[in-house]
Protein chains: 4
Amino acid sequence: MILVIKQNHDVKQLDNLIGWISGKGLKVNISHGDNTTILGLVGDTTLVDIELLESLDIVESVKRIQEPYKKANRRFHPDDSVIDVKGNKFGGGHFSIIAGPCSVESEKQIIQVAEAVKAAGAGLLRGGAFKPRTSPYAFQGMREEGLTLLLKAKEVTGLPIVTEIMDEKHLDLFRDVDIIQVGARNMQNFELLKQLGKVPNTILLKRGLSNTIEELLMSAEYIMAEGNTNVILCERGIRTFEKYTRNTLDISAVPILHERSHLPVIIDPSHAAGIASLVEPLSLATAGVGADGLIIEVHNDPPHALCDGAQSIRPEQFASLVTKIKGVLNVVGKTYN
Amino acid sequence: MILVIKQNHDVKQLDNLIGWISGKGLKVNISHGDNTTILGLVGDTTLVDIELLESLDIVESVKRIQEPYKKANRRFHPDDSVIDVKGNKFGGGHFSIIAGPCSVESEKQIIQVAEAVKAAGAGLLRGGAFKPRTSPYAFQGMREEGLTLLLKAKEVTGLPIVTEIMDEKHLDLFRDVDIIQVGARNMQNFELLKQLGKVPNTILLKRGLSNTIEELLMSAEYIMAEGNTNVILCERGIRTFEKYTRNTLDISAVPILHERSHLPVIIDPSHAAGIASLVEPLSLATAGVGADGLIIEVHNDPPHALCDGAQSIRPEQFASLVTKIKGVLNVVGKTYN
Amino acid sequence: MILVIKQNHDVKQLDNLIGWISGKGLKVNISHGDNTTILGLVGDTTLVDIELLESLDIVESVKRIQEPYKKANRRFHPDDSVIDVKGNKFGGGHFSIIAGPCSVESEKQIIQVAEAVKAAGAGLLRGGAFKPRTSPYAFQGMREEGLTLLLKAKEVTGLPIVTEIMDEKHLDLFRDVDIIQVGARNMQNFELLKQLGKVPNTILLKRGLSNTIEELLMSAEYIMAEGNTNVILCERGIRTFEKYTRNTLDISAVPILHERSHLPVIIDPSHAAGIASLVEPLSLATAGVGADGLIIEVHNDPPHALCDGAQSIRPEQFASLVTKIKGVLNVVGKTYN
Amino acid sequence: MILVIKQNHDVKQLDNLIGWISGKGLKVNISHGDNTTILGLVGDTTLVDIELLESLDIVESVKRIQEPYKKANRRFHPDDSVIDVKGNKFGGGHFSIIAGPCSVESEKQIIQVAEAVKAAGAGLLRGGAFKPRTSPYAFQGMREEGLTLLLKAKEVTGLPIVTEIMDEKHLDLFRDVDIIQVGARNMQNFELLKQLGKVPNTILLKRGLSNTIEELLMSAEYIMAEGNTNVILCERGIRTFEKYTRNTLDISAVPILHERSHLPVIIDPSHAAGIASLVEPLSLATAGVGADGLIIEVHNDPPHALCDGAQSIRPEQFASLVTKIKGVLNVVGKTYN
């Protein structure tokens, strides 16, 4: 960490500051220039509150050299984390696919889709029970009942399941959910993250619409700091000025996250663009860019889906897509599932 | 609401669609062109799920004419809502100021600041007890204890208090909080919003970093739909590419919100820029633009504040600012307090 | 095009408006609702000035149904345009690669790189002579002299060349340049675009940092409207809040542009991220997403490149990358070159 | 400037680098830590090419401490620059207003508007002759003829004039234009900026839609480095995700620019929002925030303006606005004109 000290600073204040920093167990290197004095802080700066330093009278600016995340940091965990969910592996050269409808709508629907995506090669089933919706008047999901139906589909097909939690008060209901998803809008719901750090389930952490890559890693750190290291990161599009797509898929986030973290990274092409015809090209780009998996919306009857149907593809499209994905994985040297 | 129908659509599908819409109590006007057929939906379209329509095979695009919010909409409530918090009025030509430290740090600190801002002319006291922080290793606020101290400051000074809630499980603790603040990161924590719709307290709803003005109004709608209409909106900066300020204050949001909604709108200049020297110019801009109030960070010892100190001003700066604000309010025809 | 007319409008004004529109050769369908009157304009609305209509007293809003571009529009030109530059084809199932250094630095350098990229499989040579730089104090390129050296490299290797124009006054110097590049900062330099519409060279039009996909197509339209239809579009990253990459590659722009336009679309992964280690993953994503080509920075000595070296890869990395790209093209059914 | 050197770097490479930097006349302070070595460069680093340093093998990252602009920098020119255009002063406590129509349409129109804005208190007349338009099919301005009419209005009313240049080839026509405007789309048309650095006219430099405050200052530096120091900066809205306004007025840019530069800063509220009803509140915010002037669109017949009419206000609205602006200027201690 580097502190740029203001010109014409009070010498005594500087001495105080250096003393205070040294007291935190950090080494301080001082570099005096004509116009600027610079302090280099060496040691574990993860615990230093950067905003506190910035607020000091004599400090002009603070620049981090080390990343503020630790447990999610590849620097301290050089090998890929491989997360194995009932035989479906994410990371370390493995690539898995989660597929299923936006919302659970009925027992028949969720079981039909589950069987269809299983036949097409998906390793895990997704389905929304609690649905975050912008409008209070829009369909809010089947909630508890949806969760029950999803568990039934798991029982029938053997597919592990992935579904979103919206509030920690529902946590008990999620005991048998294999992967608990934190949606984009809750990526910085810190009280929820802390609770998820205490459960044994794998957590799928989606990047918020306007959150930086660093903030995504800091939210993973919230979960990991409480003990749960089974975290999968998910890029699902960020908010930009472009209007032809619902969000802008930040595909560069995948190699950047891989450089900085050991956690697996998957992409959600369905929500990123919000357009069914983009699911195939974006999924093939995902395989090409080196991601560790995909989460794709598949519906047996998209035109009648209760929500987000515009971005769902049909099982037969999904089956053809899986074949192509395997082709690309072969080129980039990854193993499917 | 307007539906653009795809070229070469199936006539029977179109008939079905028109039948289904009519069944919802809406009138449908059809306009056939050479290349396009357009349906105009007339009636209360607030309850129509736009994404469901977009997902239909024969629909090319859907365009809303009416806004999707109702209780927050000025169209159905032409007069300003005036929210009166123990004599401090927001809206309808009234302007109030909330001031206080970022975080409650000790009994002495919060009472000192409370007395200082009261003397300088503030009508309400703010102070953070539960603090949302990007890093799990940063100071998380004094939490329950901070709330107790804040209530003490209320008792001593008579100032009504404003503080942030982070989780509905803490709601009981907030009974005597005059204005419960929903922070930017929780603007779309829909489960929390629903609970806040059931309490008698006034709610200060802050715009999320990357949320549109429409989404802010939809979140207000979540609260109002449950019965609580005491909602104050707060613009506090949005996330853009600019890096010299922490966020970009979207000052145009004030007149836009006033045109579309009857709810009062205030600005938080401290968090918008994250720089103490910008608090005064942005506050005077706030008065000029026609907002209904301000929430300002004031600290008796900014260099030692435990968080966000960089954006706090001192009581004497605050006192001088209040005088200037009153001058501008006079020009624009608003009443202070 | 749809015009929403204000409530309580003057009936005579509406009659005037309808008469004026009809006079432009457009058919007007009127739909009267309880709260809104809607006009549907049918016919060629490309020439209608949307902002003029928006400015009329009685108009509440205007919504386009048809795209405002015509010559670039796939609706009127359903087949892919295939652009053939000395045997290197872009579009219609063909994929070509342009490679070379950021800047031309010396005769030896440009010829060495040209031979290296040719050997590795590149079909065209890029090299900057006129360099747009944020700082007036930074290296501005070798300018005329750089262009001469680039033409020499073309002569020696037989590779067609691609280089950027910054001002129409230099147009004479570009006669033998096979592809004239319009940089991101000049995407809306309309006077320059008009001149480029009058030359026989192929134009590589790069998307501006904050320009929408629609604006990119409108700028292509400026060139095409003057007669030059040899336009290749290039996505090279847009400006967002994310800071770990220089720009955010908007990979979804490729399938979106393909749906809306017949023009070929390539990607520049070097400038998009500004990081050499991201060139390979983003290039493989480019092949996967269905783009028609790549423009990649390759330098024989990246650590000493005079500009943008941080994002250049070495010839041997490039050669290995080309092999993998061919593998992905095979999966998606595209022909290399 | 600070260079963070990679872990496990080659010692000889580091020596070479230090020697090379010292050769540029800069002093190098070295700080060795456990994991990082940091070089502090002291001296005039304006001329150092930051991207070149970033590209070096042994460099992990480079962080600027000093700003890369010099002539525009307040550090080297602590007093406000006051720019006096025929008695209308911008900066140093003075506030002036430029007003007029979006486009020059006819002799009668421009003279009428000029007389109206003069009567209402404007000190300078604006009017577009060369118009940058997204669509090649939209009205492109009256061009040379428009300029002639504008000069006529200047002659008749005595008001100095402001109009936009789109191409350096038109520079001769602008000899008698008092303030030459560089539009947002040309802010980084560096060849044009260089030419404008050689003329005696005042330059009004508008911030690009997606340009940072630092880039705006660097573009001012391009002009000033060639000798022309009469530069007025203009904030006119940036591109963000928000859709209810055309652009997002970045009002914080005013105090930030004032802290970093001595150049005057004005605001264009008409283009920022694109909505006539926002011109008054945003103008009063401009006066409150401490800007040095305004450029406002005024039209005697907005509903029939040939372009951008939606954002124009009428002369009588303008006159009432000027009175209120003077009231706010009085509060913040500025002199009108």
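Residues numbered from 1 in each chain as written. Chains lettered and ligands numbered in written order. Predicted model: local features only at pLDDT ≥ 70, side-chain atom pairs only at ≥ 80, totals over all residues.

1. Let's talk about the domain arrangement of chain A
Part 1: Partitioning chain A into structural domains gives domain 1 (2–63) and domain 2 (74–336).
Part 2: Summarising the inter-unit geometry, the C-alpha centres of domain 1 of chain A and domain 2 of chain A are found 42 Å apart. (Domains from an automatic or database assignment.)

2. Details of the relation of the copies chain B and chain D
Part 1: Taken as rigid bodies, chain B and chain D are interconverted by a rotation of 180° and an axial shift of 0.0 Å, the fit giving an RMSD of 0.0 Å. Those values place the two copies in the arrangement expected of a two-fold rotation axis. Across chain B, the smallest distance between a C-alpha and the rotation axis is recorded for Ala285(B), namely 2.0 Å.
Part 2: Mapped onto chain D, 97% of the interface residues of chain B are again interface residues, and the two copies thus contact each other with one and the same surface. (Least-squares fit on C-alpha atoms with pLDDT ≥ 70 in both. Contact = placed C-beta atoms within 7 Å.)

3. Thoughts on the interface of chain B and chain D
Part 1: Between chain B and chain D, the contact holds 36 residues from the first and 35 residues from the second.
Part 2: Only α6 (213–225), α7 (253–260), α9 (279–289) and α10 (315–332) of chain B provide two or more residues apiece to the side of chain B that touches chain D.
Part 3: Of all the elements, α9(B) adds the most residues to the side of chain B that touches chain D, at seven residues.
Part 4: Of the residues that constitute the side of chain B that touches chain D, the class distribution is 20 nonpolar, 10 polar and six charged. (Helix = DSSP H or I, 4+ residues; strand = E, 2+ residues; numbered from the N terminus. Nonpolar A, V, L, I, M, F, W, Y, C, P; charged D, E, K, R; others polar.)

4. A word on the relation of the copies chain A and chain C
Part 1: Rotating chain A by 180° and translating it 0.0 Å along the rotation axis places it on chain C, where the RMSD comes to 0.0 Å.
Part 2: A share of 100% of interface residues in chain A that are also interface residues in chain C marks the association as one of identical surfaces.

5. Some words on the sheet that holds strand β4 (residues 59–63) of chain A
All names here are of chain A.
Part 1: Reading across from one edge, β2-β3-β1-β4 is the order of the four strands in this open sheet, with antiparallel pairing throughout. Edge positions in the sheet fall to β2 (27–32) and β4, since each has one partner strand and no second. Averaged over all neighbouring strand pairs, the angle between strand axes comes to 20°, with direction disregarded.
Part 2: Note that strand β1 (residues 2–5) and strand β3 (residues 37–42) share four bridges and pair antiparallel. Considered in β3, the bridge of Ile2 is made with Gly40. (Pairing = 2+ DSSP bridges. Axes fitted to C-alpha atoms, helices over the stretch in contact; angles between N-to-C directions.)

6. Thoughts on helix α9 (residues 279–289) of chain C
Part 1: A large share of α9(C) lies buried, amounting to 11 of its 11 residues.
Part 2: At the C-terminal side of α9(C), Gly290(C) shows a positive phi close to 95°. (Buried ≥ 20, exposed ≤ 12 C-beta atoms within 10 Å, placed from the backbone.)

7. Points about the pairing of strand β11 (residues 202–206) of chain A
Residue and element names in this part refer to chain A.
Part 1: With respect to burial, β11 is a largely interior element, five of its five residues being buried.
Part 2: The side-chain alternation of β11 yields two buried faces, one formed by Thr202, Leu204 and Lys206 and the other by Ile203 and Leu205.
Part 3: Summarising the sheet, strand β10 (residues 179–182) and β11 pair through four bridges and their orientation is parallel. Looking at β11, one finds that Ile180 is bridged to Ile203.
Part 4: Once the chain exits β10 it traverses helix α5 (residues 190–196) before rejoining the sheet at β11, and the crossover so formed is right-handed.
Part 5: Following the chain from β11 across helix α6 (residues 213–225) to the adjacent parallel strand β12 (residues 231–235), one finds a crossover that is right-handed. (Right-handed = clockwise from strand over helix to strand, strands pointing away.)

8. Section: the interface of chain A and chain C
Part 1: If you look at the interface, chain A gives 35 residues, while chain C gives 36 residues.
Part 2: If you list the elements that add at least two residues to the side of chain A that touches chain C, you get α7 (253–260), α9 (279–289) and α10 (315–332) of chain A.
Part 3: When residues of the side of chain A that touches chain C are assigned to their parent elements, the largest contribution, seven residues, is made by α9(A).
Part 4: Residues that form the side of chain A that touches chain C fall into these classes: 20 nonpolar, 10 polar and five charged.

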